[in-house]
Amino acid sequence: MKLKFWGVRGSIPSPGPETVKYGGNTLCLELRFHDSERLIIIDAGSGMRGLGDNMISQNHKNGPINAEIFLTHTHLDHILGLPFFAPIYYPRTKLKIYGPVTCEEALLKDVIGGQFSYRYFPVRQNELEATIEYIDLKEGCYDLGDGIQVTAKYLNHPLLSLGYRIEYCGKIICTAFDTEPFYNVFSTDPADPSYDELLASEGESAAREENQRMEEYIRDADLLIHDGQYTMEEYERGKKGWGHSPIEYIVEAARRASVKRLAICHHDPLRSDSQIDVLAENYCSGEIAGDMETFFAREGMQIEIG
Ligand SMILES: [Zn+2]
Ligand SMILES: [Zn+2]
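(A) Summary view of the coordination of the zinc ion (ligand 1). Protein coordination at the zinc ion (ligand 1) comes from D77 (OD), H78 (NE2), D178 (OD) and H266 (NE2), with a distance range of 2.1 to 2.2 Å. One can describe the donor arrangement at the zinc ion (ligand 1) as irregular, given that its four donor atoms subtend angles of 90 to 166 degrees at the metal. Spacing between the donor residues of the zinc ion (ligand 1) along the chain follows D-H-x99-D-x87-H. In this structure, the zinc ion (ligand 1) lies 3.5 Å from the zinc ion (ligand 2), and both are coordinated by D178. Of this pair, H78 sits in the loop between β4 (66-70) and β5 (94-100) while H266 sits in the loop between β12 (261-265) and α6 (273-283); the two residues are 188 residues apart in sequence, bridging distant segments of the chain. The buried category is assigned to H78, whose relative accessible area is 0%. Overall, the relative accessible area of 0% leaves H266 in the buried class.

Shown next, in the form of structure tokens:
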């Protein structure tokens, strides 16, 4: 498998002189396969515009474009690139868009299609030239054919969000964004008026079990691409519950799960290149990461697996 990062940022595109090195576009990954023409795109953040332009210039003369787009969830930073993805304006393009059904049970087609209304954008859904099929996903295993298996796993985010574990020719790429560690939602402080001993202990064990399930889901991945928007200090100082992970936790969890390479992504829009460089110095080598190859994903970066 060959993976390229077209966007690595979280929350909102953040272009400017401070983000040139790691990139300011929001998440979009391109995944290609050695013995197959299949193309998987994970998330449709603002980085998707560059991917689409590249596909048109490289591929379009060779024939129709077929792609499968796996959306982790439908927060704006993960879908706002779709209207600017040039292949959707070509009649020979065929897209399958997979994504989680939302908590309101609205259809993916309607959630995504909502962007294509005159209220937000000058082109309507029924004016798009491409043939688009929408597929609502739940947690489970999906056989895409050509030896490609995808396992979708619910993550911990304010909106239902899916991680994807993609297996091909014995190699594994796993995504886990947007997410944070599961935690006990009940009070554990006996002095708190809402404290309930039974709920507190059930909450503890539920969180522990879910975090263990997460470690099984990422186990033995050749490449894990994981949300790492905050440091532990930032997370504990008021970001808990926002749906993003502290770097220290994910590095430890990935090591416990024998992950071979860890790419940290969903960089905070306020984080400058020089600040990410400092984080990389602190977390990507030495005792914390051990011998697991750990790095902060950069726009334009390409990785070969297998
Ligand atoms: Zn996000
Ligand atoms: Zn999100």
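(B) Representation of the packing of aromatic side chains in the model. The final tally for this structure, using the stated rule, is five aromatic pairs. Note on F70 and Y98: the rings are 4.2 Å apart at their centroids and 5 degrees apart in plane angle, and the pair reads as stacked. Highlighted residues: F70 in strand β4 and Y98 in strand β5, separated in sequence by 28 residues. The exposure class assigned to F70 is buried, which follows from its relative accessible area of 3%. Owing to a relative accessible area of 8%, Y98 belongs among the buried residues under this scheme. When the centroid spacing of 6.0 Å and the interplanar angle of 85 degrees are considered together, the rings of F116 and F121 count as edge-to-face. A relative accessible area of 3% means that F116 is categorised as buried. Given a relative accessible area of 13%, F121 falls into the buried group. Ring pairing ties together the aromatic residues F70, Y98 and Y164, which thus form one cluster.

Rules of the game
Residues numbered from 1 in each chain as written. Chains lettered and ligands numbered in written order. Predicted model: local features only at pLDDT ≥ 70, side-chain atom pairs only at ≥ 80, totals over all residues. Heavy atoms only, no water. Donors = N, O, S within 2.8 Å, 3.2 Å for Na, K, Ca; no water. Tetrahedral: all angles 85-135°; square planar, octahedral: opposite > 155°, others 65-115°. Helix = DSSP H or I, 4+ residues; strand = E, 2+ residues; numbered from the N terminus. Buried < 20%, exposed > 50% of the residue type's maximum accessible area, 1.4 Å probe, protein only. Phe/Tyr/Trp six-rings, centres within 6.5 Å; stacked < 30°, edge-to-face > 60°.

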